[in-house]
Every structure is written in structure tokens, then in C-alpha cells.
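What follows is each chain in one-letter form.
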Amino acid sequence: MPSRSEDRASVDFRDDVASAGVSTWVSAERDGIESSFPIDVFPQLKGVIELNTDPVSLSILNAARELVIENGLGKTRMTSIAKLARVSRPTLYSRYSNVRDMTTTLLTHEVVNVLMLVDSLPRNVDEVASYLTEYTDAVRTSDLMRSIVRNDSDLLNSYVFERLGHSQRILQQYLALIIGHVQAVDEGGSVAMRSGDPRVIATVLMNIAQSFSFSYGVLHDSLGSVDTWREELNALVKGYLRA
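For every chain, the first residue of the written sequence is number 1, and numbering continues from 1 onward in sequence order. The model is predicted, so local features are restricted to residues of pLDDT at least 70 and side-chain atom pairs to those at 80 or more, both for listing and for counting; the totals for chains, interfaces and linings are taken over all residues. In computing side-chain values, all of the structure's heavy atoms are included and hydrogens and water are not.

Draft legend 1. Seen up close, the overall build of the chain. Counting its secondary structure elements, the chain contains 13 helices and three strands. Note on exposure labels: buried denotes an accessible area under 20% of the residue type's maximum, exposed denotes more than 50%, and partly exposed covers the range between, all computed with a 1.4 Å probe on protein chains only. Taken across its 243 residues, the chain has 48% of its residues classed as buried. Any two residues whose heavy atoms approach within 4.5 Å at even a single point are treated as in contact. A separation threshold of at least 6 residues defines the contact pool for the chain, and within that pool the share at least 24 residues apart is 69%. Numbering goes from the N terminus for both helices and strands, where a helix is a DSSP run of H or I of at least four residues and a strand is a run of E of at least two.

Listed below in C-alpha cells is the structure:
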């Protein structure tokens, strides 16, 4: 997960009306980002992911991320984003109608950057559990996610109770591809992979990851430590995936 001090990289998913797919903006400034992006791990995603670099959009998104982390959504203004990004207000409003609209894109950017933790396909249940644990922990410790959970948790309500967002749909598809692959190869693990529809299994895993990442503050007192939190999450995923 990139930090504020690192060279910034932004990823943005939007609805593609024509293909019902998604578009992705990847910063060309970050070395190796394209080689490690899921599109290289899963050629099947090439039909729904289009890589593009847009310096203006990247500048806007990175400025918004920095301000939301520092101030929260309620105190972040479009004028401040335009100033930090060094773009005109008409340019900013031509892309985003308000800060909340932009933050939806930022959430997707944050989640997709975490997906790049994997640089090779998991081969068994143990590796899937390990990857999902790392993914969930990275989301939990994201500066942006921490700020939103702390200051603007109402933004997350729609993704928990009402609908799946862009990032959730991408994670769902990504995990389904992983599950399908492990079901086909399943080598070297401590337990065998269960059968079943990969998309259904992926949806449950997505919900587990979401619940654990957002509720860490509530669970911490009962679990006692981050290590215990990670161990229990790993065990939960393994138990669900085992045949």
C-alpha cells in the first residue's frame, strides 16, 4: 500500500456503459506497477480492465487522498483539492461533482493497490488464506481507510447494507479467479480446497475481509492483539475453504 511519502500512484474504476466493465488509471511514475497489476496475473481480466494514464486525474486523486486523510471528508473542500492538485476548478468539476463522489473513486484506488500484494497465483488453501489475511490487514492499516472509518463511517454504510461498489465487484471477480485456479491445481496445501461456485465462495470471502478490516477497533479488546486477529482470520478462511 503506498504511503503519503511515497511517489503517488492512483487507480480508478468507473462504469463502462458499453461493456459493463471497468477502466483503470495506473500511475506510470511507480516502477513495476503494471508488471504486478492483477491483469498480468489473470489474462482473463483484459476484457474488462483498460489501462490508461491520465496525469491530471492522478494529480486530483492524490491531492484528494492527502486532504481526506488529514481533514476527513467533512472538512475537505473542492477548492483545496484543486489548489493542491494545481488544476483549475472547472477541470476538477469536469471530473468529479463533489468530494464524496471523488472519495468513492479513492476507496477503489486503495483496494486495488492492495490487490497488487499478490505477484503469483496461490496454489492451495494455505496460500489463499495467507493472501486474504495480508489483504485485509493492509486495508485495515491504510491511512485513507482509517480516516474514513474514524471520521466518515456513514460513507461505508451503503457498501455494507445497500449495494456493492466498484472495488467490491473487482475484488469479488479477482477472488473468484483465484478460487477457480486453486480448485483446478490445489497442490502443496495442508488441506484440500472445497468445491463450489468460485463466485459464491469469493463473495463470502469478500464479506469476511470487509467485516474484519472495518471492525478491528471493536474486536481488538476481545482478541487482545493484531497477531491474534490475523491468526483467527487465517483460521476462519482456511476452515471455510477446506473440503
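Draft legend 2. Local environment of the packing of helix 6 (residues 99-115) against helix 7 (residues 125-141). Note on method: axes are straight lines fitted to C-alpha atoms, helices fitted across the in-contact stretch only, with angles between N-to-C directions ranging 0 to 180 degrees. Packing of helix 6 against helix 7 brings their axes to within 9 Å, and their N-to-C directions diverge by 145°. Note on packing geometry: the crossing formed by helix 6 with helix 7 is right-handed. For the pair helix 6 and helix 7, the contacting residues are Val-111, Val-114 and Leu-115 in the first and Tyr-131, Tyr-135, Ala-138 and Val-139 in the second. Amino acid classes used here: Ala, Val, Leu, Ile, Met, Phe, Trp, Tyr, Cys and Pro are nonpolar; Asp, Glu, Lys and Arg are charged; the rest, including Gly, are polar. Considered class by class, the residues forming the contact of helix 6 with helix 7 number seven nonpolar, no polar and no charged. If you view the pair so one helix is near and one far, a crossing is left-handed when the near helix is turned anticlockwise from the far one by less than a right angle, and right-handed when it is turned clockwise.

Draft legend 3. Expanded view of empty space enclosed by the protein. Two kinds of site are reported from a 1 Å grid over the protein atoms alone, namely cavities, where a 1.4 Å probe fits but cannot get out, and pockets, open sets with protein on both sides within 12 Å along at least five of seven lines, and residues are called lining when an atom falls within 4 Å of a point. Grid points are joined across faces, edges and corners, and a volume is the space filled by probe spheres set on the points. Scanning the model with the defined rule gives three cavities of 30 Å³ or more in all. Size it by volume and the largest cavity reaches roughly 250 Å³. The wall of the largest cavity is formed by 20 residues, among which Val-111, Ser-167, Gln-168, Gln-210 and Phe-214 lie closest to the centre. Secondary-structure elements contributing two or more residues to the lining of the largest cavity are helix 6, helix 7, helix 9 (154-162), helix 10 (166-185) and helix 11 (198-214). Sort the elements by how many residues they give to the lining of the largest cavity and helix 11 lands first, with five residues. Taken together, the residues of the lining of the largest cavity sort by class into eleven nonpolar, nine polar and no charged.

Draft legend 4. Structural context of the nonpolar core. Grouped together as the largest cluster of nonpolar side chains are 55 residues, with contacts concentrated most on Ile-81, Met-102, Tyr-135, Leu-205 and Leu-241. Those residues within four positions of Leu-205 in sequence are excluded, and the remaining contacts are Leu-132, Leu-175, Ile-179, Val-237, Tyr-240 and Leu-241. Throughout this description, the term nonpolar core refers to a set of buried Ala, Val, Leu, Ile, Met, Phe, Trp, Tyr and Cys residues connected via side-chain atoms within 4.5 Å.

Draft legend 5. Geometry of helix 11. The span you would expect from a helix comes to 1.5 Å times its residue count less one. Taking 1.5 Å of rise per residue, 17 residues should cover 24 Å, and helix 11 covers 24 Å from first to last C-alpha, within 8% of that figure. For helix 11, the complete set of buried residues consists of Ile-201, Ala-202, Leu-205, Met-206, Ile-208, Ala-209, Gln-210, Phe-212 and Ser-213.

Draft legend 6. Structural view of the pattern of salt bridges. Salt-bridge detection follows one rule: a side-chain nitrogen of Lys or Arg within 4 Å of a carboxyl oxygen of Asp or Glu. Using the criterion set out here, one finds five salt bridges in the structure. We note a salt bridge from Arg-140 to Asp-137, for which the minimum N-O separation is 2.6 Å. Residue Arg-140 and its partner Asp-137 are located together in helix 7, separated by three residues, close to a single helical turn. Pair check on accessibility: Arg-140 and Asp-137 agree, each one buried. With its nearest N and O atoms 2.7 Å apart, the salt bridge here joins Arg-230 to Asp-137. Within this pair, whereas Arg-230 is found in helix 13 (residues 226-241), its partner Asp-137 is found in helix 7, the two being separated by 93 residues in sequence. Taking the relative accessible area as the measure of exposure, Arg-230 reaches 21% and is therefore partly exposed. For Asp-137, a relative accessible area of 12% gives the class buried. Residues joined by salt bridges that share partners form a network here, namely Glu-134, Asp-137, Arg-140 and Arg-230.

Draft legend 7. Spotlight on the environment of Ile-81. On the secondary structure map, Ile-81 appears in helix 4 (residues 78-85). What makes Ile-81 buried here is its relative accessible area of 0%. The spacing of Ile-81 and Leu-61 is 20 residues in sequence and 8.6 Å in space, taken between C-alpha atoms. In this structure Ile-81 touches Ile-60, Ala-63, Ala-64, Leu-67, Thr-76, Leu-92, Val-99 and Met-102, once residues within four positions along its chain are discounted.

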